[in-house]
Amino acid sequence: MHKELASFKASKKEANEEKARVALLRAKLEADQAKFVSEQKTEEWSAAGWKRKAKAEAGLLSEERKRWREICEKENNEKMGHRNNINNLKAEVEKLKKEKAEAEAAREEARSHRERNKQRETQSCATLALRDKEIEELSSLLSD
């Protein structure tokens, strides 16, 4: 019986050791399962997080693109306004150049007309002076 008791104690000891080893393995398995589930959730959450970030960035990009288009449209309108002003000013410069040329031509014509009148006046004065002289001579002849 002693042998049986020793054998029983040895098998009980082995069973206890096996239970402890199983308990350790079970604890390790549960820890590994928890770690796996945690990593899996982290990966899923990470993917979901990246998707949310991508959507947010797409929204921001869309807003930025919209603002950029508005700014470009505003600048284009301003530039078109400036271009129209430049074209209007160019047309006005051409008009003023034409008016200047016409005014210079009129001034030149008036100057030449004035010179002709001056020459006529000088000629008329000379003619009148000669006639006055002739009249004086004739008057003096008549008086004599």
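Everything numeric here is computed off the predicted structure, so don't read it as measured data.

**Student:** Just give me the short version of the overall build of the chain, but keep the residues and values in it.
**Tutor:** Counting its secondary structure elements, the chain contains one helix and zero strands. On C-alpha atoms alone, the chain measures out to a radius of gyration of 60 Å, which is more than a quarter above the 15 Å that the 2.2 N^0.38 rule sets for 144 residues. Its C-alpha atoms give the chain principal-axis dimensions of roughly 205 × 20 × 15 Å. Scored against the burial criterion, the 144 residues of the chain give a buried share of 1%. Carbon and sulfur atoms form 56% of the exposed surface of the chain, whose accessible area is close to 14,000 Å². Side chains of the chain give 34 positive and 30 negative charges; the mean places of these two sets differ by 14 Å.

**Student:** Tell me about the pattern of salt bridges, residues and numbers included.
**Tutor:** One pass over the structure, following the stated rule, counts six salt bridges. Residue Arg21 pairs with Glu18 through a salt bridge whose shortest N-O separation is 2.7 Å. With Arg21 and Glu18 both in helix α1 (residues 2-143) and three residues apart, this pair spans about one turn of that helix. Exposure remark for Arg21: the relative accessible area of 44% places this residue in the partly exposed category. For Glu18, a relative accessible area of 37% puts it in the partly exposed group. The closest approach of N and O atoms between Arg67 and Glu64, which form a salt bridge, is 3.0 Å. Residue Arg67 and its partner Glu64 are located together in helix α1, separated by three residues, close to a single helical turn. Judged by relative accessible area, which is 44%, Arg67 ranks as partly exposed. A network of salt bridges, in which partner residues are shared, links Glu108, Arg111 and Glu115.

Cut-off values and rules
Residues numbered from 1 in each chain as written. Predicted model: local features only at pLDDT ≥ 70, side-chain atom pairs only at ≥ 80, totals over all residues. Heavy atoms only, no water. Helix = DSSP H or I, 4+ residues; strand = E, 2+ residues; numbered from the N terminus. Rg over C-alpha atoms; globule rule 2.2 N^0.38 Å. Buried < 20%, exposed > 50% of the residue type's maximum accessible area, 1.4 Å probe, protein only. Areas by Shrake-Rupley, 256 points an atom, 1.4 Å probe, with all protein chains shown as cover. Lys, Arg positive; Asp, Glu negative; His and termini not counted. Charge placed at Lys NZ, Arg CZ, Asp CG, Glu CD. Salt bridge = Lys/Arg side-chain N within 4 Å of Asp/Glu carboxyl O.

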